[in-house]
2 protein chains.
Amino acid sequence: MSWRKDQGRSERGYHHGNLKEALLQAALDLISQKGPAGFTFADAARMAGVSPAAPYRHFRDRDELLSSIAQRGFEQFESVLTQAWDDGRPDTVTAFERVGKAYLAFARNEPAFYSAMFESGIPVESNPALMAASERAFALIRAAAERLAAMAPPGVPRPPAMMMALHIWSMAHGVASLFGRGDGARRKLPMSPDDLLEAQVLIYLRGLGFPTDRRPSDQKPSGPPPVPPAGGSSGPWGTPK
Amino acid sequence: MSWRKDQGRSERGYHHGNLKEALLQAALDLISQKGPAGFTFADAARMAGVSPAAPYRHFRDRDELLSSIAQRGFEQFESVLTQAWDDGRPDTVTAFERVGKAYLAFARNEPAFYSAMFESGIPVESNPALMAASERAFALIRAAAERLAAMAPPGVPRPPAMMMALHIWSMAHGVASLFGRGDGARRKLPMSPDDLLEAQVLIYLRGLGFPTDRRPSDQKPSGPPPVPPAGGSSGPWGTPK
DNA sequence: AACTCATGTAAATGGCTTTAACATGAGCAG
DNA sequence: CTGCTCATGTTAAAGCCATTTACATGAGTT
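Given the structure is predicted, the values throughout are model-derived calculations rather than measurements.

Thresholds applied
- Residues numbered from 1 in each chain as written.
- Chains lettered and ligands numbered in written order.
- Predicted model: local features only at pLDDT ≥ 70, side-chain atom pairs only at ≥ 80, totals over all residues.
- Heavy atoms only, no water.
- Helix = DSSP H or I, 4+ residues; strand = E, 2+ residues; numbered from the N terminus.
- Buried < 20%, exposed > 50% of the residue type's maximum accessible area, 1.4 Å probe, protein only.
- Contact = heavy atoms within 4.5 Å.
- Phe/Tyr/Trp six-rings, centres within 6.5 Å; stacked < 30°, edge-to-face > 60°.
- Near = heavy atom within 4 Å.
- Polar contact = N/O pair within 3.5 Å; in protein donor to acceptor, adjacent residues only side chain to side chain.
- Nonpolar A, V, L, I, M, F, W, Y, C, P; charged D, E, K, R; others polar.
- Buried area = accessible area lost by both parts, 1.4 Å probe.
- Salt bridge = Lys/Arg side-chain N within 4 Å of Asp/Glu carboxyl O.
- UniProt positions renumbered as here; feature names shortened; annotations may be inferred.
- Core = buried A, V, L, I, M, F, W, Y, C linked by side-chain atoms within 4.5 Å.
- Domains from an automatic or database assignment.
- Expected span 1.5 Å × (residues − 1).
- Axes fitted to C-alpha atoms, helices over the stretch in contact; angles between N-to-C directions.
- Parallel < 35°, antiparallel > 145°, perpendicular 65-115°, else oblique.
- Least-squares fit on C-alpha atoms with pLDDT ≥ 70 in both.

### Regarding the overall build of chain A
For chain A, the count of helices and strands is 8 helices and 0 strands. Along chain A, helices (α) and strands (β) appear in the sequence α-α-α-α-α-α-α-α when read from the amino end. Per-residue burial for chain A yields a buried fraction of 49% across its 241 residues. Sequence separation of 24 or more characterises 65% of the internal contacts of chain A that already satisfy a separation of 6 or more.

### Some remarks on the packing of aromatic side chains
Under the criterion given, the structure shown has 22 aromatic pairs over all chains. Each ring, one from Trp169 of chain A and one from Phe179 of chain B, has its centre 6.1 Å from the other, and the planes form 75°; the classification is edge-to-face. Of the two residues, Trp169 of chain A sits in helix 7 (residues 161-179) while Phe179 of chain B sits in helix 7 (residues 161-179), which places them in two different chains. Classification of Phe179 of chain B as buried rests on a relative accessible area of 2%. Where Phe41 of chain B meets Tyr56 of chain B, the ring centres are 5.0 Å apart and the plane angle is 90°; that geometry is what we call edge-to-face. Of the two residues, Phe41 of chain B sits in helix 2 (residues 41-48) while Tyr56 of chain B sits in the loop between helix 2 and helix 3 (62-85), which places them 15 residues apart along the sequence. For Phe41 of chain B, a relative accessible area of 7% puts it in the buried group. By relative accessible area, which is 47% here, Tyr56 of chain B ends up partly exposed. Members of the aromatic cluster, joined through ring pairs, are Phe74, Phe77, Tyr103, Phe106, Phe113, Tyr114, Phe118, Phe138 and Trp169 of chain A together with Phe179 of chain B.

### Looking at the protein's contact with DNA strand C
The environment of DNA strand C is made up of 24 residues, and the closest members are Tyr14, Ser51, Arg57 and His58 of chain A together with Ala42 of chain B. Considering the 4 Å shell around the protein, atoms of DNA strand C inside it are sugar or phosphate in 59% of instances. A distance of 3.3 Å separates a base oxygen of DNA strand C from a polar side-chain atom of His15 of chain A. Between Phe41 of chain B and DNA strand C, the recorded distance is 2.9 Å, taken from a backbone N or O atom to a phosphate oxygen. Broken down by element, the residue count for the surface near DNA strand C peaks at 3 residues, all from helix 2 of chain B. Residue composition of the surface near DNA strand C, grouped by class: 11 nonpolar, 7 polar and 6 charged.

### Re the interface of chain A and chain B
With 43 residues of chain A in contact, the opposing surface of chain B contributes 44 residues. Between chain A and chain B, a total of about 3900 Å² is buried, with carbon and sulfur atoms accounting for 69% of that surface. Between the two partners, chain A and chain B, sit 0 salt bridges. No other element matches the 13 residues that helix 7 of chain A contributes to the side of chain A that touches chain B.

### Observations concerning the UniProt feature "DNA-binding region" (unreviewed entry) in chain A
UniProt's feature table lists "DNA-binding region" (unreviewed entry) at residues 40-59 of chain A, given in the numbering used throughout. Helix makes up 40% of residues 40-59 of chain A and strand makes up 0%, while its end C-alpha atoms are separated by 13 Å.

### With respect to the nonpolar core
Residues Tyr103 of chain A together with Tyr103 of chain B are the most contacted members of the largest nonpolar core, which totals 155 residues. A domain split of this core shows at least three residues from each of domain 1 (18-59) and domain 2 (65-207) of chain B. When neighbours within four sequence positions are excluded, Tyr103 of chain B is seen to be in contact with Phe77, Leu81, Tyr114, Phe118, Ile141, Trp169, Ala172, His173 and Ala176 of chain B.

### A short note on the protein's contact with DNA strand D
Taken together, 24 residues sit near DNA strand D, with Ala42 of chain A together with Tyr14, Ser51, Arg57 and His58 of chain B positioned nearest. Backbone atoms, meaning sugar and phosphate, form 59% of the atoms of DNA strand D found within 4 Å of the protein. With respect to DNA strand D, the backbone of Ala42 of chain A contributes an N or O atom lying 2.6 Å from a phosphate oxygen. Looking at the surface near DNA strand D, the element that brings in the most residues is helix 2 (residues 41-48) of chain A, giving 3 residues. Here the surface near DNA strand D is composed, by residue class, of 11 nonpolar, 7 polar and 6 charged.

### Considering helix 6 (residues 128-150) of chain B
All names here are of chain B. Helix length check: helix 6, at 23 residues, gives a terminal C-alpha distance of 31 Å against a target of 33 Å (1.5 Å per residue), a fit within 8%. Of all the residues in helix 6, the buried ones are Leu130, Met131, Ala133, Ser134, Ala137, Phe138, Leu140, Ile141, Ala144, Ala145, Leu148 and Ala149. Packing partners of the buried residues in helix 6 comprise helix 3, helix 4 (92-109), helix 7 and helix 8 (193-207).

### Some details on the packing of helix 8 (residues 193-207) of chain A against helix 8 of chain B
One can describe the packing of helix 8 of chain A onto helix 8 of chain B by two numbers: an axis separation of 6 Å at closest approach and a directional angle of 90°. For the element pair helix 8 of chain A / helix 8 of chain B, the angle class is roughly perpendicular. Of the residues in helix 8 of chain B, those in contact with Gln200, Ile203, Tyr204, Arg206 and Gly207 of chain A of helix 8 of chain A are Gln200, Ile203, Tyr204, Arg206 and Gly207 of chain B. Looking at the contact of helix 8 of chain A with helix 8 of chain B residue by residue, the class counts come to 4 nonpolar, 4 polar and 2 charged.

### Quick notes on the relation of the copies chain A and chain B
Both copies of the chain are related by a screw-like operation: a rotation about an axis and a shift along it. Superposing chain A onto chain B takes a rotation of 180° plus a shift of 0.0 Å along the axis, which leaves an RMSD of 0.0 Å. The operation mapping one copy onto its partner corresponds to a two-fold rotation axis. Of the interface residues in chain A, 100% have counterparts in chain B that sit at the interface too, so the contact is made through matching surfaces.

### Details of the UniProt feature "domain: HTH tetR-type" (unreviewed entry) in chain A
With numbering matched to this structure, UniProt assigns "domain: HTH tetR-type" (unreviewed entry) to residues 17-77 of chain A. Counting secondary structure, residues 17-77 of chain A comes out at 72% helix and 0% strand; the distance between its end C-alpha atoms is 28 Å.

### Focus on the side chain of Gln200 of chain B
The residue Gln200 of chain B is located in helix 8 in this model. Judged by its relative accessible area of 0%, Gln200 of chain B falls in the buried class. Beyond its immediate chain neighbours, meaning those up to four positions away, Gln200 of chain B contacts His167, Ser170, Met171 and Tyr204 of chain A together with Met171 and Val175 of chain B.

### Let's talk about the environment of Glu78 of chain B
All names here are of chain B. Counting through the fold element by element, Glu78 comes out in helix 3. Spatially, the C-alpha atom of Glu78 lies 8.2 Å from that of Ala133, the residues being 55 residues apart in sequence. Excluding anything up to four places from it in sequence, Glu78 contacts Arg136 and Ala137.

And the structure:
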């Protein structure tokens, strides 16, 4: 299977054979190097070994390529989050935290995707497919929030799952975009972005009345844990770790 | 005072007289219209009524102009937050919420500044003046967090103010950049960004053990309010408002 | 073998960025 | 008032991009 164009160099007939993929990959590389702004259509073409006009056979324009990348990004994002969620196993809170870490890991490991998705300035709502992909990703977060909300302690008004989902997303996105980028993060922190987010989410959940000492105590809100006395000896922020 | 170049039109000698300011203003307009990416140096020059090369007498290049704008943005930002904080009057929690609203208002009303500050891709750390301005703005948030932390309920480990500040900033930035932009916000919400953030912060503070029923009960943690039973009848999210 | 259509290329247009050489005129020295 | 000088503008030009149009290639089909 190595007979076709090997590395876009000399060996390649008139036709590339897989240009669309090559362009997406090239763009991804370029974006991770120079940001979504620095990326140029011509560069991607050059990197794929074709003329500057060739990409137009596969993408209406530069923005469409960017949109495609963002869309793929959302798809991978959804996939990654779904795996992390693992349908709430072994228990809802643990799984939820895993999702948070997966979120940050994605932002860190796939800065190109992440910036295409959230910082490229492309109008998400203008592209139905893109928006659908985006919503599928968010749906995972919402589903997880739903499960969390369902195990809210009894006797208190149950928090709207949608609101929780939006809050969680905001926290994750806030941490990721302020501190968690692979690009050598913008600012110095007293703790890792992962820890920062984890503490934040735990505090938030505690604020909703959830027990946050994480045990497989799921599905069993029988013993009324009304509210953990707000910080035993193991708060969400340990001693200077 | 209206004799000088009035609107960059015909009446203007060889020299503009105030080009630097005019360029900054023009860039600001352009960015708010087309985003930090769509903004072009040449456009700004045109808008100011000068040749495309003129701006180079005032800014090394396009990026320096962007940095200048970001810096001014941070300065205004700091000013706005400082006013909102009002040194914690009438009480810490109220003032704190005002800061949150001011944060979102800034992002909404000054999208050009906000995107130059957080989404233009300019490396903050490379420009000392810019970074300093950024840190002064953050210092305000940290100072407020410090005050909040100081009034933490007794008997529980006091949360690190720095961590709180980072958390609050993440929440505000997360909400602002996901939902709170003037550009017709990216997604539909069941509640306003302001309410979303307020609820989030309240839940978070409650998670830290703070009383969140907001009264001028400051400075007076005498009557031990250990923890409000996590959601009386007035949770941070009212009935569908 | 001839056809056709997707996929590439070449060349041209129009912008933008940036630089270099030149022009203006505002402020200051005499 | 007369000149000088330097900050501030202008023109012109090089080099890069995006995008379009006309043309070329060749893979798959008939």
